[in-house]
Amino acid sequence: MMKSWSEKKKELKSIDPMRMNELEAVAQLVNAIHQRRIELGWTQKELADKVGIHQESIARIENGGTIPRLDTVFKLALALGMKISLHGMEEAASVG
(Lines give C-alpha, C1' and ligand atoms only; values in the text may rest on other atoms or scores of the structure.)
Protein backbone atom coordinates (compact mmCIF):
# COMPACT_ATOMS: atom_id res chain seq x y z
CA MET A 1 0.00 0.00 0.00
CA MET A 2 1.31 3.44 -0.94
CA LYS A 3 1.73 6.03 1.77
CA SER A 4 -0.40 9.15 1.58
CA TRP A 5 1.37 12.51 1.16
CA SER A 6 0.35 13.51 4.69
CA GLU A 7 2.05 10.38 6.07
CA LYS A 8 5.12 11.07 3.94
CA LYS A 9 5.29 14.69 5.18
CA LYS A 10 5.06 13.54 8.81
CA GLU A 11 7.87 11.08 8.15
CA LEU A 12 10.04 13.84 6.66
CA LYS A 13 9.27 16.23 9.53
CA SER A 14 10.47 13.60 11.98
CA ILE A 15 13.97 13.71 10.44
CA ASP A 16 16.19 15.98 12.48
CA PRO A 17 17.06 19.32 10.82
CA MET A 18 20.77 18.52 10.53
CA ARG A 19 20.01 15.28 8.68
CA MET A 20 17.51 17.11 6.47
CA ASN A 21 20.19 19.69 5.53
CA GLU A 22 22.56 16.84 4.73
CA LEU A 23 19.97 15.13 2.49
CA GLU A 24 19.20 18.41 0.70
CA ALA A 25 22.91 19.03 0.08
CA VAL A 26 23.40 15.52 -1.31
CA ALA A 27 20.31 15.96 -3.51
CA GLN A 28 21.79 19.19 -4.93
CA LEU A 29 25.12 17.49 -5.65
CA VAL A 30 23.45 14.50 -7.30
CA ASN A 31 21.24 16.79 -9.39
CA ALA A 32 24.28 18.77 -10.60
CA ILE A 33 26.11 15.53 -11.45
CA HIS A 34 23.07 14.21 -13.34
CA GLN A 35 22.73 17.49 -15.31
CA ARG A 36 26.43 17.41 -16.21
CA ARG A 37 26.21 13.78 -17.38
CA ILE A 38 23.29 14.73 -19.65
CA GLU A 39 25.12 17.85 -20.96
CA LEU A 40 28.11 15.70 -21.89
CA GLY A 41 25.83 13.19 -23.59
CA TRP A 42 27.10 10.32 -21.45
CA THR A 43 25.01 7.30 -20.60
CA GLN A 44 24.79 6.02 -17.03
CA LYS A 45 26.90 3.06 -18.20
CA GLU A 46 29.67 5.32 -19.55
CA LEU A 47 29.87 7.22 -16.26
CA ALA A 48 29.74 3.99 -14.24
CA ASP A 49 32.60 2.51 -16.28
CA LYS A 50 34.77 5.61 -15.79
CA VAL A 51 34.21 5.49 -12.01
CA GLY A 52 34.35 1.72 -11.63
CA ILE A 53 30.83 1.09 -10.31
CA HIS A 54 27.77 -0.62 -11.79
CA GLN A 55 25.32 1.25 -14.04
CA GLU A 56 22.53 0.18 -11.66
CA SER A 57 24.29 2.14 -8.89
CA ILE A 58 24.26 5.29 -11.01
CA ALA A 59 20.54 4.76 -11.71
CA ARG A 60 19.77 4.33 -7.98
CA ILE A 61 21.79 7.44 -7.09
CA GLU A 62 20.12 9.55 -9.80
CA ASN A 63 16.57 8.44 -8.95
CA GLY A 64 17.02 8.88 -5.21
CA GLY A 65 16.89 5.18 -4.47
CA THR A 66 20.14 5.37 -2.56
CA ILE A 67 22.09 8.11 -0.81
CA PRO A 68 25.67 8.02 -2.11
CA ARG A 69 28.68 8.32 0.16
CA LEU A 70 30.75 11.48 -0.20
CA ASP A 71 33.68 9.61 -1.76
CA THR A 72 31.33 8.28 -4.46
CA VAL A 73 29.95 11.78 -5.14
CA PHE A 74 33.52 13.05 -5.38
CA LYS A 75 34.53 10.30 -7.87
CA LEU A 76 31.47 10.97 -10.03
CA ALA A 77 32.11 14.73 -10.05
CA LEU A 78 35.79 14.25 -10.87
CA ALA A 79 35.01 11.86 -13.74
CA LEU A 80 32.67 14.51 -15.18
CA GLY A 81 35.31 17.25 -14.89
CA MET A 82 33.59 18.94 -11.95
CA LYS A 83 34.86 20.09 -8.57
CA ILE A 84 32.94 20.40 -5.33
CA SER A 85 33.24 23.66 -3.44
CA LEU A 86 31.74 25.04 -0.26
CA HIS A 87 30.52 28.61 0.25
CA GLY A 88 29.52 30.66 3.26
CA MET A 89 25.81 30.66 4.09
CA GLU A 90 25.45 34.39 3.37
CA GLU A 91 26.91 33.82 -0.09
CA ALA A 92 24.56 30.91 -0.80
CA ALA A 93 21.57 32.89 0.50
CA SER A 94 22.29 35.84 -1.81
CA VAL A 95 22.44 33.71 -4.97
CA GLY A 96 19.26 33.84 -7.07
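First, a word on what this report is: a plain description of the structure on this page. From a predicted model like this one, the values you see are computed outputs, not experimental measurements.

Reading the values: rules and limits
- Along each chain, residues carry numbers from 1 onward, in the same order as the chain's sequence is written.
- With pLDDT at 70 or above as the cut-off, local features in this predicted model cover only qualifying residues; side-chain atom pairs require 80 or more to be listed or tallied, and sums for whole chains, interfaces and linings still use all residues.
- Side-chain descriptors were evaluated using all non-hydrogen atoms of the structure, hydrogens and water having been removed beforehand.
- Put simply, a salt bridge is a Lys or Arg side-chain nitrogen that is within 4 Å of an Asp or Glu carboxyl oxygen.
- Where helices and strands are cited, they refer to DSSP runs of H or I of at least four residues and of E of at least two residues respectively, numbered from the N terminus.
- Relative accessible area decides the class of each residue, using a 1.4 Å probe on protein chains only: under 20% of the type maximum gives buried, over 50% gives exposed, and in between gives partly exposed.
- Under this scheme, a helix contributes an axis fitted over its contacting stretch, all axes are lines through C-alpha atoms, and angles between N-to-C directions fall in the 0 to 180 degree range.
- Oblique is the label for any angle not covered by the other classes, which are roughly parallel (under 35 degrees), roughly antiparallel (over 145) and roughly perpendicular (65 to 115).
- Handedness of a crossing is defined here by the sense of rotation of the near helix relative to the far one, left-handed for an anticlockwise turn of less than a right angle and right-handed for a clockwise turn.
- The contact rule is simple, with two residues in contact once any of their heavy atoms fall within 4.5 Å.
- Charged means Asp, Glu, Lys or Arg here, nonpolar means Ala, Val, Leu, Ile, Met, Phe, Trp, Tyr, Cys or Pro, and polar covers whatever is left, Gly included.
- Like-charged residues within 9 Å of one another, or nonpolar side chains (Val, Leu, Ile, Met, Phe, Trp, Tyr) within 5 Å, are grouped into patches, provided each residue has over 30% relative accessible area and no salt bridge.
- The accessible surface values rely on the Shrake-Rupley method and a 1.4 Å probe; as for residues, cover is taken only from the protein chains in view.
- Side-chain rings of Phe, Tyr and Trp, where Trp is taken by its six-membered ring, are said to pair if the distance between their centres is within 6.5 Å; with planes under 30 degrees apart they count as stacked, over 60 as edge-to-face, and otherwise as tilted.
- Definition used: whenever NZ (Lys) or CZ (Arg) falls within 6 Å of the ring centre and also within 35 degrees of the ring normal, the charge is taken to sit over that ring.
- Residues grouped as a nonpolar core are buried Ala, Val, Leu, Ile, Met, Phe, Trp, Tyr and Cys residues, joined through side-chain atoms within 4.5 Å.

A word on the pattern of salt bridges. Scanning the entire structure with this criterion turns up 4 salt bridges. Glu 22 serves as the salt-bridge partner of Arg 19, at 2.6 Å between the closest nitrogen and oxygen. Residue Arg 19 and its partner Glu 22 are both found in helix 2 (residues 17–40); the two are separated by 3 residues, about one turn of the helix. Among the residues examined, Glu 22 registers a relative accessible area of 42% and is labelled partly exposed. A salt bridge links Arg 69 to Asp 71, with the nearest nitrogen and oxygen atoms 2.6 Å apart.

What follows deals with the packing of helix 3 (residues 44–51) against helix 4 (residues 55–62). In a packed pair of helices, the relevant descriptors are the angle between the two axes and the axis-to-axis distance. Contact pair helix 3 / helix 4: the axes reach a minimum separation of 8 Å and the direction vectors enclose 115°. The angle between helix 3 and helix 4 falls in the class roughly perpendicular. In this structure, the crossing between helix 3 and helix 4 has a hand that is right-handed. Where helix 3 approaches helix 4, its residues Gln 44, Lys 45, Leu 47 and Ala 48 are matched on the opposing element by Gln 55, Ile 58, Ala 59 and Glu 62. Residue composition of the contact of helix 3 with helix 4, grouped by class: 4 nonpolar, 2 polar and 2 charged.

Attention now goes to a nonpolar patch on the surface. A grouping of Phe 74, Leu 78 and Ile 84 is seen on the molecular surface, where their side chains present a nonpolar patch of about 290 Å² in accessible area. Within the secondary structure layout, Phe 74 lies in helix 5 (residues 70–79). We classify Phe 74 as partly exposed; its relative accessible area is 47%.

Our next topic: the packing of aromatic side chains. For any two aromatic rings, the description comes down to two numbers: the centre-to-centre distance and the angle of the planes. Tallied over the entire structure, the rule returns 0 aromatic pairs. A cation over a ring is seen here: Lys 50 above Trp 42, with NZ or CZ 4.6 Å from the ring centre.

Another point: the nonpolar core. Within the largest apolar cluster, 13 residues are counted, with the highest numbers of intra-cluster contacts made by Ile 33, Leu 47, Ile 58, Leu 76 and Leu 80. Of all the elements in the fold, those that place two or more residues in this core are helix 2, helix 3, helix 4 and helix 5. Leave out the neighbours within four places in its chain, and Ile 33 touches Val 73, Leu 76, Ala 77, Leu 80 and Met 82.

Attention now moves to the packing of helix 3 against helix 5. Orientation of helix 3 relative to helix 5, taken along the N-to-C sense of each, is 110°, at an axis distance of 9 Å. As far as their axial angle goes, helix 5 and helix 3 are roughly perpendicular. Within the contact between the two elements, helix 3 uses Leu 47, Lys 50 and Val 51 and helix 5 uses Lys 75, Leu 76 and Ala 79.

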